[in-house]
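A look at the structure
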Amino acid sequence: MTDSVATPSGGLLTGSAWQTKYSPEHGDLVQGFYVPALQCAIRYDRSTGFFNAYALALAARGVEALIGNGGRMRLVVGCTLSAEHVAAIEQGAKLRDTAAAAMLAEPLRAADPAAIDALALLAWMIAKGHLDVKVAVPCDAERRPIAGVGLFHEKAGIIEDAAGNRLAFSGSLNETEQGWKLHWDSFHVFTSWGGTAAHVQAEEQSFQQLWADKAAMARVVDVPTAVRDELLKFLPKDDMPGRLKKKQRQETDPKPPTDPPEPQAPEPPPLDLRRLIWGYIKHAPSWSNGGERVGEATCAVTPWPHQVRAFQRLYDHWPPRLLIADEVGLGKTIQAGMLLRQAWLSGRARRILIMAPKAVLTQWQLELREKFNLNWPIYDGQRLRWYASPGRYGAAERKVGPDDWHKEPCVLASSHLLRRRERAPQLLNDAEPWDLIVLDEAHHARRRGADLDDRPNHLLRLMRGLRERTEGLVLLTATPMQVSPIEVWDLLWLLGLPADWHVQGFLGFFENAARPSPSHEQLAQMARLFRAAEQAYGAVSDENAARALPDLSRLKLKKVLRALRDGASIPLKRLETTERVAAVRLMKAQTPLKHLISRHTRELLRRYHKAGKLKTPIADRDVSDRFVQLTDAERRVYEQVEDSISSTYDNAAGDQRTAVGFVMTIYRRRLASSFAALASTLEGRLAGCGGRRGGQEGLQLSRARHVGPGPRHHRPRLLRPACRQPGVVVAGQPDIPDTG
């Protein structure tokens, strides 16, 4: 790399011999570096401790080229808080509001025409979407804002052209007029096509961490609305800021010969439109004002309305922590795929792990490749296997060791494989933390038994460990509850339940909610959990409360809300019977399930179709019950099978009953299929036992083995699925609402 003057050529950064270091000793930094670099740019990311609009106004020619290239600028600017501001945050004030107060303490001033032009250019760029601004506040090691002794002092920039070439600079230069023109500041330059590509990548990662608010020692928020509104007061009334108009006039009306010629960089030739468009698509996902929909717009699937809603819920609340519990066939994989594509394109997630049962891993890989153009490998325990396609470069397989497979940025792996005792440490101890983990068929992560005895299976134990090693966690299952509500709690705990919603509190809440008339003590316990949920997820708005209780007057609605939010018991005791019923309904509608579970049903899709939001008709099921009269011989076989299931369950050890009962019900299923299927299963079981019949021949199952109390026909059938209707809490089980 030489130290000659930069002279751009071909509209690309590679057409210039950029200096390794710039300082005022090398001449005008604006004309020698800033403007030529911006003329090549379609992306300009800048982090700076101090900023003013004069800096952009100085480089109006380069800014005009950036805009003409369809480019965007992202700016992270420092904000220093006073001790009073920090104290307000510690008392509950929002960081963004406090930052606004600090920034508005020094109002924008337009003391002269140059200032008016500079502020107009800045306002125009923000209003037209050419500039996004965020505010950085320095923090301590626990990410708590610190007062004025700490400054956000980052000074770096990344510029990218339409071909993907990148240039990074860092040094002591602020994004101010004084920084570029007056101060004796210097900075170093690195390029992605030279020997300093690692420096460029380091600056890239640093900026992306800041922009995503992932930096360890700084909190980054969107520019406060009040500050934006104050700035937009300077928006020019016509379509073009005066500073850009002035540059246009200067190009058509040259200065008189008496004035010394201002150094001008040569005009770049027209850009390759195809490269420009693909460069725009590449970076657009990370932009606001619509960039979050680029992944959806460029994938090979047209999502249904409920899938778009679920995606927005996941992506707009980054990092996502959600259980998607849609009915079978409603496209949970599509929702996850939309999130994965957008998160990958925007740079929010660079390490992604997808865990699914082995039987569906290939289907996952195919769906991601064909619908979302994400060709991610499957780890099978020995190698990484990509989907073989014409668009992939290199081999479709690569052998990897147990210490290397998790270094792949994005990977699919069998949940059965990773939950093994010898495999779990690879994820919990060796692998770097993940940005996003997706677990399909999440109901397999459960405890052994359906009681409070916490004996997690291998998968649940693994997920409890991964809970703290990933920022985002998405669980997919159509059946979050198999036997007991405790299974729902186990999954929600992985996502982050409020502390008061421990397992006893969770189960107690829904048991009390199922009672026709909870006692004062039970109602107070529920109200305490309601307040904990409001503290964790925000207070229920009057509008949402009114939607949950449409038959309650506004006066009574406020009375119910005040009673629930008051820590004393007297306001609850003063509620009338109808108000107590309404209070229970409202609390049931505002549990953590609402915030941590996304649930859609076919009935919702039928409503969408009826409203014209969905073109595809949803089939209606017409169930007709038909009873079959058993013969005496058939009934004897049926009773013998039932007797064998019950007696085997009763004779099993306590810690084995769940597993034994599940296995034994297979005989009932075989019987429902055909007598031939049942005979085949029993013969297989007999062969597995070495031919020992235990005194039984064929289907002559002994009734003498029954040891339970009471006559056989009074015993309840075991492990039959409970019948539940939407909107009903059965036996204290939490009903999962449709979130459409």
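None of these values were measured; they are calculated from a predicted model.

Topic: the overall build of the protein chain
If you tally the helices and strands in the protein chain, you get 30 helices and 17 strands. The 740 residues of the protein chain split such that 46% are buried. Taking as baseline every contact in the protein chain between residues at least 6 positions apart, the subset at least 24 positions apart corresponds to 70%. Of the roughly 37400 Å² of accessible surface on the protein chain, a fraction of 52% belongs to carbon and sulfur atoms.

Examining the packing of aromatic side chains
Tallied over the entire structure, the rule returns 17 aromatic pairs. Aromatic pair Tyr-315 and Trp-318: ring centres 6.0 Å apart, planes at 65°, arrangement edge-to-face. Neither residue differs from the other here; Tyr-315 and Trp-318 are each classed as buried. Here Trp-501 and Phe-509 contribute two aromatic rings whose centre-to-centre distance is 4.9 Å and whose plane-to-plane angle is 50°, an arrangement assigned as tilted. One aromatic cluster in this structure is built from Trp-18, Tyr-22, Phe-33, Phe-169 and Phe-187. The positively charged end of Arg-351 is found above the aromatic ring belonging to Trp-434, 3.9 Å away from the centroid. Directly above the ring of Trp-493 sits Arg-467, whose terminal nitrogen or CZ lies 4.0 Å from the centroid.

Quick notes on helix H27 (residues 602-610)
Residues of H27 that are buried: Leu-604, Leu-605 and Tyr-608. End-on view of H27: buried residues confined to an arc of 100°, all on one side of the axis. Buried residues along H27 sit against helix H13 (305-315). Of the residues trailing H27, Gly-612 is marked for its positive phi of about 85°.

Quick word on the sheet that holds strand S13 (residues 397-399)
Strands sit in the order S13-S12-S11-S14-S10-S15-S16-S9-S17 across an open sheet of nine strands; the sheet is mixed. Of all strands in the sheet, those with a lone pairing partner are S13 and strand S17 (597-598), marking the two edges. Strand direction decides the pairing type here: strand S10 (residues 352-356) and strand S14 (residues 410-414), joined by five bridges, are parallel. Considered in S14, the bridge of Ala-356 is made with Ser-414. The strands that helix H19 (residues 486-495) touches are strand S9 (321-324), strand S16 (470-476) and S17; relative to S9, the one it contacts most, it runs at about 150°.

Quick notes on the side chain of Arg-580
Its location among the elements puts Arg-580 in helix H25 (residues 577-589). One buried charge, Arg-580, has no salt-bridge partner; the nearest side chain with opposite charge is Glu-579, at 8.8 Å. Not counting the four nearest positions on each side in its chain, Arg-580 is found in contact with Pro-518, Ser-519, His-520, Leu-523, Leu-572 and Leu-575.

Here we look at the nonpolar core
Of all hydrophobic cores here, the largest spans 70 residues; its most connected members are Leu-353, Met-355 and Leu-492. In this structure, Trp-318, Leu-412, Val-474 and Leu-476 belong to the second largest nonpolar core, which totals 32 residues.

Some remarks on the sheet that holds strand S6 (residues 166-171)
One open sheet accounts for eight strands, arranged S1-S7-S6-S5-S2-S3-S4-S8; its pairing is mixed. Looking along the sheet, the strands with just one partner apiece sit at the ends: strand S1 (21-22) and strand S8 (218-222).

Observations concerning the pairing of S14
In terms of burial, S14 is largely enclosed, as five of its five residues are buried. Bridging between strand S11 (residues 378-379) and S14 involves two bridges; their strand directions are parallel. Across the sheet, the residue bridging to Ile-378 is Leu-412, located in S14.

Some words on the pairing of S10
Strand residues, when the strand is regular, have side chains that alternate between the two faces of the sheet. The buried count for S10 comes to five of five residues, which makes it a mostly enclosed element. Neither face of S10 is open: one carries Ile-352, Ile-354 and Ala-356, the other Leu-353 and Met-355, and all of them are buried. Of the strand pairs in this sheet, S10 and strand S15 (residues 434-440) are connected by four bridges, and their pairing is parallel. Paired with Ile-354 across the strands is Val-438, a residue of S15.

Details of the side chain of Arg-351
Among the structural elements, Arg-351 can be located in the loop between helix H14 (332-346) and S10. Buried and unpaired, Arg-351 has Glu-432 as its nearest opposite-charge partner, separated by 6.3 Å. If sequence neighbours within four positions are ignored, Arg-351 has contacts with His-406, Lys-407, Glu-408, Pro-409, Ala-431, Glu-432, Pro-433, Trp-434, Asp-435 and Leu-436.

Some points on H25
The end-to-end C-alpha separation of H25 is 19 Å, in line with the 18 Å expected for 13 residues at 1.5 Å each. When we look at burial in H25, the residues that qualify are Glu-579, Arg-580, Ala-582, Ala-583, Val-584, Leu-586 and Met-587. Against helix H20 (503-513), helix H21 (520-537), helix H22 (542-548), helix H23 (554-565) and helix H24 (570-573) lie the buried residues of H25.

A few points about the packing of H14 against helix H15 (residues 358-372)
Direction vectors running N to C along H14 and H15 enclose 60°, while the axes themselves pass 10 Å from each other. When the axes of H14 and H15 are compared, the pair comes out oblique. Remark: the crossing between H14 and H15 carries right-handed chirality. Seen from H14, the contacting residues are Thr-333, Ile-334, Ala-336, Gly-337, Met-338, Leu-340 and Arg-341; seen from H15, they are Trp-364, Glu-367, Leu-368, Lys-371 and Phe-372.

As for the pattern of salt bridges
Inspection of every chain in the model, using the stated rule, returns 27 salt bridges. A salt bridge links Lys-559 to Glu-579, with the shortest nitrogen-to-oxygen separation between them at 3.2 Å. Linking Lys-559 in helix H23 with Glu-579 in helix H25, this pair joins segments that are 20 residues apart in sequence. Take Lys-559: its relative accessible area is 27%, and that puts it in the partly exposed class. Classification of Glu-579 by relative accessible area gives buried; the value is 1%. Between Arg-606 and Glu-603 there is a salt bridge whose closest N-O contact spans 3.5 Å. In this pair, Arg-606 and Glu-603 are both assigned in helix H27, three residues apart and thus about one turn of the helix distant. Residue Glu-603 is classed as partly exposed on the basis of its relative accessible area of 42%.

The rules we used
Residues numbered from 1 in each chain as written. Predicted model: local features only at pLDDT ≥ 70, side-chain atom pairs only at ≥ 80, totals over all residues. Heavy atoms only, no water. Helix = DSSP H or I, 4+ residues; strand = E, 2+ residues; numbered from the N terminus. Buried < 20%, exposed > 50% of the residue type's maximum accessible area, 1.4 Å probe, protein only. Contact = heavy atoms within 4.5 Å. Areas by Shrake-Rupley, 256 points an atom, 1.4 Å probe, with all protein chains shown as cover. Phe/Tyr/Trp six-rings, centres within 6.5 Å; stacked < 30°, edge-to-face > 60°. Lys NZ or Arg CZ within 6 Å of the ring centre and 35° of its normal. Arc of directions from axis to C-beta. Pairing = 2+ DSSP bridges. Axes fitted to C-alpha atoms, helices over the stretch in contact; angles between N-to-C directions. Lys, Arg positive; Asp, Glu negative; His and termini not counted. Salt bridge = Lys/Arg side-chain N within 4 Å of Asp/Glu carboxyl O. Core = buried A, V, L, I, M, F, W, Y, C linked by side-chain atoms within 4.5 Å. Expected span 1.5 Å × (residues − 1). Parallel < 35°, antiparallel > 145°, perpendicular 65-115°, else oblique. Left-handed = near helix turned anticlockwise from the far one by under 90°.

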